[in-house]
Amino acid sequence: MLEASDLMVFYENMLALNNINIRCAQGQIVGVFGANSAGKSTLMYTLSGIMRDIQKKEQMAGGERITILGDVLYQGENISRLKPSQRARKGIVLCPERRRIFSESSVLENLKIGGYLASPAQARKTLRYVFDIFPALEKLKKRVGGFLSGGEQQMLAIGRAIMAQPKLLLLDEPLMGLSPLMQAMLMRATREIRDRMDISIIVTEQYARPVFPIVDYAFILENGAAVMEGTREELMDNPDVRSAYFGVEESHA
Ligand code: ATP
């Protein structure tokens, strides 16, 4: 479904992605884990094409020089040169870090905005589906985005991304700042979305623990490089991964 090879991104001379090779097969949930500044958002921007917009903006403003190297193949096609909107039309939809919902628009308006790529019938059907997965959103549909809790905002951000009819959903740090209970609920919902909509998902997160139960395969990023990868089972059996990404308790287990 998606295969990115030899991805490198430089902000001026600073290497943010260092020769990354990453794959996501049809129907898979792939995790990308790494500490602050490891390059998770840069990777998601590169896959979704937003990195090209950032590059152009910087160029026009006479700001920093951004270099993007490597190829992104999606369903057999090299999409490295496509704009984010063209990639979105092909089904690559990014749900960005820090939610970025429209805080002055209602929940329902936010969702409808997400459905701009869908036909009206498709949008209605997907809206029903979003409310099925996140019943809380239906109750809050008239509330403006700015008055939602962090967890509700994240549900809305995921719901809006689903409205765009993704085939490959990119979830950038969806759990940041949320309670363990909310994190578990969002991960269950994410798995259900994959199962019911038959889409592929790449999810980044700083801590692997809450995401690990739902991933099929995962990559570990350090300083912009993928230092380890494997199936969930392979990584779980690796003592280095356990101590570094699952905290102290697990390393004694
Ligand atoms: P976080 O968890 O903090 O979001 P991340 O893993 O998503 O981290 P990135 O945001 O991709 O990491 O950043 C990777 C590196 O690139 C960091 O060192 C960051 O400071 C740097 N960086 C990101 N954006 C820019 C930019 N526009 N200009 C210069 N450096 C940048």
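Residues numbered from 1 in each chain as written. Predicted model: local features only at pLDDT ≥ 70, side-chain atom pairs only at ≥ 80, totals over all residues. Heavy atoms only, no water.

Novice: What is the right way to read the site of the ligand from this model?
Specialist: Looking at the ligand, there are 14 residues lining it, with Ser37, Ser41, Thr42, Glu64 and Glu173 nearest. The separation between a nitrogen atom of the ligand and a polar side-chain atom of tyrosine 11 is 3.4 Å. Within the side chain of glutamate 64, one N or O atom sits 2.6 Å away from a nitrogen atom of the ligand. Contact with the protein chains covers 69% of the free accessible surface of the ligand, which is 630 Å². Those elements that place two or more of their residues in the shell around the ligand are strand E2 (14–24) and helix H1 (40–48). The element contributing the most residues to the shell around the ligand is H1, with three residues. A per-class count over the shell around the ligand returns five nonpolar, five polar and four charged. (Near = heavy atom within 4 Å. Polar contact = N/O pair within 3.5 Å; in protein donor to acceptor, adjacent residues only side chain to side chain. Areas by Shrake-Rupley, 256 points an atom, 1.4 Å probe, with all protein chains shown as cover. Helix = DSSP H or I, 4+ residues; strand = E, 2+ residues; numbered from the N terminus. Nonpolar A, V, L, I, M, F, W, Y, C, P; charged D, E, K, R; others polar.)

Novice: Just checking my understanding: could you explain the nonpolar core for this structure?
Specialist: One broad trend across soluble globular proteins is that nonpolar side chains are buried collectively. Counting 46 residues, the largest nonpolar core has Leu111, Phe134, Leu137, Ile158 and Val211 as the members making the most contacts within it. With seven residues, the top contributor of residues to this core is helix H7 (residues 150–163). If sequence neighbours within four positions are ignored, isoleucine 158 has contacts with Cys95, Phe134, Leu171, Leu186 and Ile193. The next biggest cluster of nonpolar side chains, apart from the first, holds 30 residues, and it includes Leu17, Ile22, Ala38 and Ile79. (Core = buried A, V, L, I, M, F, W, Y, C linked by side-chain atoms within 4.5 Å. Buried < 20%, exposed > 50% of the residue type's maximum accessible area, 1.4 Å probe, protein only. Contact = heavy atoms within 4.5 Å.)

Novice: In this structure, what is going on with helix H8 (residues 180–197)? I would like to understand it.
Specialist: Compared with an ideal rise of 1.5 Å per residue, which puts 18 residues at 26 Å, H8 spans 25 Å between its outermost C-alpha atoms and is within 8% of the ideal. Buried residues of H8: Gln183, Leu186, Met187, Ala189, Thr190, Ile193 and Arg194, and no others. Projected onto a plane normal to the axis of H8, the buried residues spread over an arc of 160° and lie on a single side. When the buried face of H8 is taken as reference, the exposed residues oriented beyond 90 degrees from it are Leu181 and Arg188. One or two positions beyond H8, positive phi appears at aspartate 198, with a value near 50°. (Expected span 1.5 Å × (residues − 1). Arc of directions from axis to C-beta.)

Novice: So what exactly am I meant to see when it comes to the sheet that holds strand E1 (residues 2–11) here?
Specialist: Strand-to-strand pairing in sheets goes through backbone hydrogen bonds, with the strands running parallel or antiparallel. Judged by pairing direction, the sheet is antiparallel, and its four strands sit side by side in the order E2-E1-E4-E5 without closing on themselves. The strands lining the two open edges of the sheet, one partner per strand, are E2 and strand E5 (77–78). Sheet contacts for H1: E1, E2 and strand E4 (66–74); angle to E1, the most-contacted strand, approximately 120°. Here helix H2 (residues 50–60) sits on the sheet in contact with E1 and E4, set at roughly 155° to E4. (Pairing = 2+ DSSP bridges. Axes fitted to C-alpha atoms, helices over the stretch in contact; angles between N-to-C directions.)

Novice: How do you make sense of the pattern of salt bridges when you look at a structure like this?
Specialist: A pair can form between side chains of opposite charge whenever their charged atoms are brought close. Tallied over the entire structure, the rule returns 10 salt bridges. One salt bridge connects arginine 196 with glutamate 192, and the closest N-O pair in it is separated by 3.2 Å. Pair noted here: arginine 196 and glutamate 192 are both in helix H8, with a separation of four residues, about one helical turn. Residue aspartate 216 is joined to arginine 194 by a salt bridge in which the shortest nitrogen-to-oxygen separation is 3.1 Å. Separated by 22 residues along the polypeptide, aspartate 216 in the loop between strand E8 (200–205) and strand E9 (217–222) and arginine 194 in helix H8 bring together distant segments of the chain. (Salt bridge = Lys/Arg side-chain N within 4 Å of Asp/Glu carboxyl O.)

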